[in-house]
Amino acid sequence: MKSLLELKTGTFPSLPLANDLSEADLDEVGEESHHSSLTSAPKAYNPFIISSTEISKQLAKPAYAKPQTSQISQSCLLSPISRKPSEAFSSQSTKSSMSIFDGTPVSSARELEQRTKESKKELQTLLLSKGEVNVDVASSCLKIAEDSFALGDYFKALSYYTKALEIYYQDFHTFYGVIPQIYDRLGHLCQIRGKYNEALGHYNMAMNLRVTFLGEEHVDLTTSYDHLAQVFYHMGRYTEGMTYVTKSIGIKEKILPPKHPLMSDSLLISALILSCKEQFTEATAQANEALTIRISSYGDSSVSYAEVLQTLGLIKMLQKSHQEAKSYLTKALEIKTQFLGEIHPELPVIYNEIGRISYIEGNLNYAHQCIKNALKCREMCPVEHNLSAAKSYLYLGYIYADKREISKARDAIEKSQSIIKSCVGDSHPDNSSCLQALAYTFLMEENILKAEENLVSSFAILQSIAEEKSSTLLESSFILSALQSFSKRDSSLTSALSSNISLIISKYSEESPITANAFFSLGQSYFQAQQYEESVVCFLKALKQYNRIYGENSFPAGISTFMIGKAYSAQNKRTMGVEFLEKALRALETTFGSEHPVLVLILDELAQNIIHNKDYKRCLAYFERSAKITILNYGNTTPQLAFLYYQIGMIHKRLENYQAAAPYLKDSLKVQRLHLQFTASFAETCHQLIYVYKTLGNSSHVQKYELTCEEFQKKNGTTLQGKVSGPPSRSSFDLLQAVFKLLYRHFDS
């Protein structure tokens, strides 16, 4: 590491983004300006207006723009239910999967492209020989549509599906089994684009046709019920979704033999809805039943098997069992990439969640790479935004916030919020997540009022949609209450936090990370209320669980240990305080390295404890190291340096090293002046400089700083005779940011 003098005078090195990432990460993916073919998509959307001219235009286009990748459809959280292309329009087919190809080895992208070219030639011949309105033309359109769908060319698929539907409607009663399945595909395409209300319209049309022609107990009707349940799941309307999937399971239990592959589709949707309703035992049981079915039907290396692993990973994420979730998701990604490659429209959900786990673990670089991959996957699928894209931008916002790139963070979060509002409206739980993220960015800027404003809005959304005692609502209440207790020191808020602890424990047990976070939040509230003994008790309970769950060197354990040391120091139990502070320093150094900004909090607290024992040399070493880390991370003009330079100068003064003291006190004054901090601390620094230069016999500098004091007096109307208290102090928001980083990393609505 460079010396403090070199860092003070040198240029602050810019911190590189992970993996050569740039602001392009925030570029809109899928905008019409980037994909001119999208501009005509809305016109082709009506199933009854596409013409042969438009088909000819489609024939003139290449089959696929990205031949290096393979196949399978994209969805927001769970791949929409569909059959193999070869079976998709057999109305009596009972073989199904959560993805198009049932997880079995399928044609490569190149083979599909070749087949599409041949189908186009066949279609051109049919158009010339039989005209536009012909069943063979419709069948050929379906073949091209299915292959385009498999390749991720969704708007081309849309054109051919709508033309096939137009033809089949000419002989409605003959093709009543095929028409609902085309509506399923149209609904699927809307779902991919985040157009959930339009998707519901198509799925309802398919359901009504099936009820009319097949009756209310036919197995094909379960496809409609599953589709509707899935859309309601994405929209956060879990009760409605559960109603439909329960109907589907009931019909399948009556008609299908045990362990039939179709049953696994409904079980996975039901499992996800149950997990969102925090019924984790039932959700996990259903997902495991689906796993058994998929293994017996398709094997343990199929895409269908990977879909179940992905679902189990999502359930474990909601349970805050991040290591189990990581295991499931990593295995699912490994299987899917064998079929699809590393960049494919099917993969953003997995990349998002693995990236989020990496963020929780403090590995920002890997988290950033995962989110980058998720956004790259979206580039292959030039459609309007969906909730998966919103998740990518939300997580990207958190990563930028932790990198102190607040403007980029807020841009990403606001982009996420815009997508969510366009897809599902203002009252969706994901919008609540965006408001919490925005609050986090305001905390990083020390803007408590804006942070609280966003948290209150977030909490209001959750109150309107969540169950009364849901963990989502309770955790949101803890974050808001902890913030308010920090800013207002309201003892009634501490009482509210304390009373809610029993609800958390009854729901999750004392060994849950959620319970640990609750005790940490309560400890923080007691600390702010200056009830230090009570705060130590709470922090120790949190630390015990953090050590067990994440390890002694983890961020949660380290920051809890730090707070225990700080609470002991506040009680003048300095020996105990130093012991815990040094333990926290060792833990976080092990995890983050020797130059991470979180170490500054501990170093400063250690130095201020040791100074009471008059161990000035050791104290000086801690403050100098803190200043080096601060400059490396935030530059050599950050306002935090005013405090550090003042403290270093004062220690040199106590050691009677006046030549060394003067430059640091001057630098402190410069930083304060730069940030217009003309307060009592500015006056105190001037007084110390006057004393130092009087001791050194430098009358010109004494006169200079006496004039500075007089100017200050004129501007502020304050008398500066005698000692003025109030040296520069490190902002308490540094601690607040570290504390809320812990809470946010484990929060998920």
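Treat the numbers as computed from the prediction; the structure is a model and nothing was measured. (Residues numbered from 1 in each chain as written. Predicted model: local features only at pLDDT ≥ 70, side-chain atom pairs only at ≥ 80, totals over all residues. Heavy atoms only, no water.)

## Details of the overall build of the protein chain
Here is step 1: What the protein chain contains, in helices and strands, is 32 helices and zero strands.
Here is step 2: Expressed as a percentage of contacts within the protein chain between residues at least 6 apart in sequence, the contacts between residues at least 24 apart total 68%.
Here is step 3: Surface exposure of the protein chain reaches about 29400 Å², of which carbon and sulfur atoms provide 49%. (Helix = DSSP H or I, 4+ residues; strand = E, 2+ residues; numbered from the N terminus. Contact = heavy atoms within 4.5 Å. Areas by Shrake-Rupley, 256 points an atom, 1.4 Å probe, with all protein chains shown as cover.)

## Some words on the pattern of salt bridges
Here is step 1: All told, the structure shown has 18 salt bridges when counted by the stated rule.
Here is step 2: A salt bridge links R237 to E240, with the nearest nitrogen and oxygen atoms 2.7 Å apart.
Here is step 3: The shortest N-O distance in the salt bridge between D265 and R294 comes to 3.0 Å. Taken together, the positions of D265 in helix α10 (residues 261–276) and R294 in helix α11 (residues 280–298) put the pair 29 residues apart, joining distant regions of the chain. No difference in accessibility class separates D265 from R294, as the two residues are buried. (Salt bridge = Lys/Arg side-chain N within 4 Å of Asp/Glu carboxyl O. Buried < 20%, exposed > 50% of the residue type's maximum accessible area, 1.4 Å probe, protein only.)

## What about unusual backbone geometry?
The bulk of non-glycine residues show a negative phi, and the bulk of peptide bonds are trans.
Here is step 1: For K259, which is not a glycine, the phi torsion comes out positive at approximately 60°.
Here is step 2: Checked against the element boundaries, K259 lands in the loop between α9 (238–255) and α10.
Here is step 3: Classification of K259 by relative accessible area gives partly exposed; the value is 48%.
Here is step 4: Look at N572: it is not a glycine, yet its phi comes out positive at around 65°.
Here is step 5: Topologically, N572 is positioned in the loop between α24 (555–570) and α25 (574–592).
Here is step 6: For N572, a relative accessible area of 57% translates into the label exposed.

## Some points on the confidence of the model for the protein chain
Here is step 1: Confidence along the protein chain averages 76 in pLDDT terms, with 73% of residues attaining 70 or more.
Here is step 2: Ranking the elements of the protein chain by mean pLDDT puts helix α2 (residues 52–60) last, at 40, and α11 first, at 95.
Here is step 3: Taken as a whole, residues 9–106 scores under 50 in pLDDT and shows 269 contacts with residues more than four places along the chain or in a different chain.
Here is step 4: For the stretch residues 745–749, pLDDT sits under 50, and the model shows 33 contacts to residues farther than four places along the chain or on other chains. (pLDDT = per-residue confidence, 0-100.)

## Focus: helix α6 (residues 179–192)
Here is step 1: The first and last C-alpha atoms of α6 sit 20 Å apart over 14 residues, in line with the 20 Å expected at 1.5 Å per residue.
Here is step 2: For α6, a buried count of 14 out of 14 residues is recorded, marking the element as mostly surrounded by other parts of the structure.
Here is step 3: Looking one or two places after α6, you find G194, whose phi comes out positive at around 80°. (Expected span 1.5 Å × (residues − 1).)

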